[in-house]
Amino acid sequence: MRVESFDDDWYLRGWCHLREAVRTFRLDRISDAVITDLPIEHRASEVRLPDRLFEPSPQDLEVTIDIASSAMPLIADFIPDGATSTEHDGRIRTTLRVSHYHGLKRLATRMSGVMTVVAPPSAREAVADWARSGVDRYRKEMR
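So, here is what we can say about the structure in this document.

Criteria and cut-off values
- Residues numbered from 1 in each chain as written.
- Predicted model: local features only at pLDDT ≥ 70, side-chain atom pairs only at ≥ 80, totals over all residues.
- Heavy atoms only, no water.
- Pairing = 2+ DSSP bridges.
- Helix = DSSP H or I, 4+ residues; strand = E, 2+ residues; numbered from the N terminus.
- Axes fitted to C-alpha atoms, helices over the stretch in contact; angles between N-to-C directions.
- Salt bridge = Lys/Arg side-chain N within 4 Å of Asp/Glu carboxyl O.
- Buried < 20%, exposed > 50% of the residue type's maximum accessible area, 1.4 Å probe, protein only.
- Lys, Arg positive; Asp, Glu negative; His and termini not counted.
- Contact = heavy atoms within 4.5 Å.
- Expected span 1.5 Å × (residues − 1).
- Arc of directions from axis to C-beta.

A few points about the sheet that holds strand β2 (residues 9–16)
Here is step 1: The 3 strands are arranged β1-β2-β3 in an open sheet whose pairing can be described as antiparallel. Both outer strands of the open sheet, β1 (2–6) and β3 (21–26), are each paired with one neighbouring strand and no more. Strand-to-strand twist across the sheet, computed as the mean angle between neighbouring axes with direction ignored, equals 30°.
Here is step 2: With 6 bridges joining them, β2 and β3 adopt antiparallel strand pairing. Across the sheet, Tyr11 pairs through a bridge with Arg26, a residue of β3.

Okay, here's the thing in structure tokens:
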């Protein structure tokens, strides 16, 4: 429906059949685009595209994190309106909304050392499993 740039990245906004909603996809992260014979179900003129690049949806997952206060501006788009942020052991505890844990894993990797996933346990486990698999792959390659 729309291709936009934000900072140095390009995004595609289109209808997501999995989520049944308008979603935002970063173009450089689309790895296996496929042209299908499915007819177009929603045209840009029929769907309201939000002014903000990232809009929360009811299906988003809520995740509690601790993060260094200096990194808060880097995750501002992920913090839902009305979320409470409190200082906890010298870090900021807040809530993020993510569409899936895969995106959370990427975010945690980019924020390594400054962000910790606190809850729910399934989010902590997803990030920890992903990190372990990366370490395992690295060890195999170093042999």
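Some details on the pattern of salt bridges
Here is step 1: Applying the stated criterion across every chain, the model contains 6 salt bridges.
Here is step 2: Here Arg97 and Asp60 are joined by a salt bridge, their closest N and O atoms 3.9 Å apart. Of the two residues, Arg97 sits in strand β6 (residues 91–98) while Asp60 sits in the loop between β3 and β4 (61–67), which places them 37 residues apart along the sequence.
Here is step 3: Put simply, Arg97 and Glu62 hold a salt bridge, and the shortest N to O gap is 3.7 Å. Here the residue Arg97 occupies a position in strand β6, and Glu62 occupies one in strand β4, the gap between them amounting to 35 residues.
Here is step 4: Linked through salt bridges whose partners overlap, the residues forming this network are Asp60, Glu62 and Arg97.

So, the pairing of β1
Here is step 1: With 5 bridges joining them, β1 and β2 adopt antiparallel strand pairing. Looking across to β2, one finds that Arg2 is bridged to Arg13.
Here is step 2: The turn linking β1 back onto β2 is made up of 2 residues, and Asp7 within it adopts a positive phi angle of 55°.

Observations regarding the side chain of Lys105
Here is step 1: With respect to the helices and strands, Lys105 occurs in helix α1 (residues 101–110).
Here is step 2: The buried charged residue Lys105 lacks any salt bridge, with Asp129 as its nearest oppositely charged partner at 8.3 Å.
Here is step 3: Those residues in contact with Lys105 that lie beyond four places of it in its chain are Ala126, Val127 and Trp130.

Observations regarding helix α2 (residues 121–142)
Here is step 1: The terminal C-alpha atoms of α2, which comprises 22 residues, lie 31 Å apart, in line with the 32 Å expected from a rise of 1.5 Å per residue.
Here is step 2: Residues of α2 that are buried: Ala123, Ala126 and Val127. One side of α2 holds all its buried residues, which, seen down the axis, span an arc of 90°. In α2, the exposed positions that point more than 90 degrees away from the buried face belong to Pro121, Arg139, Lys140 and Met142.
Here is step 3: Here the buried face of α2 lies against β4, α1 and β7 (115–119).

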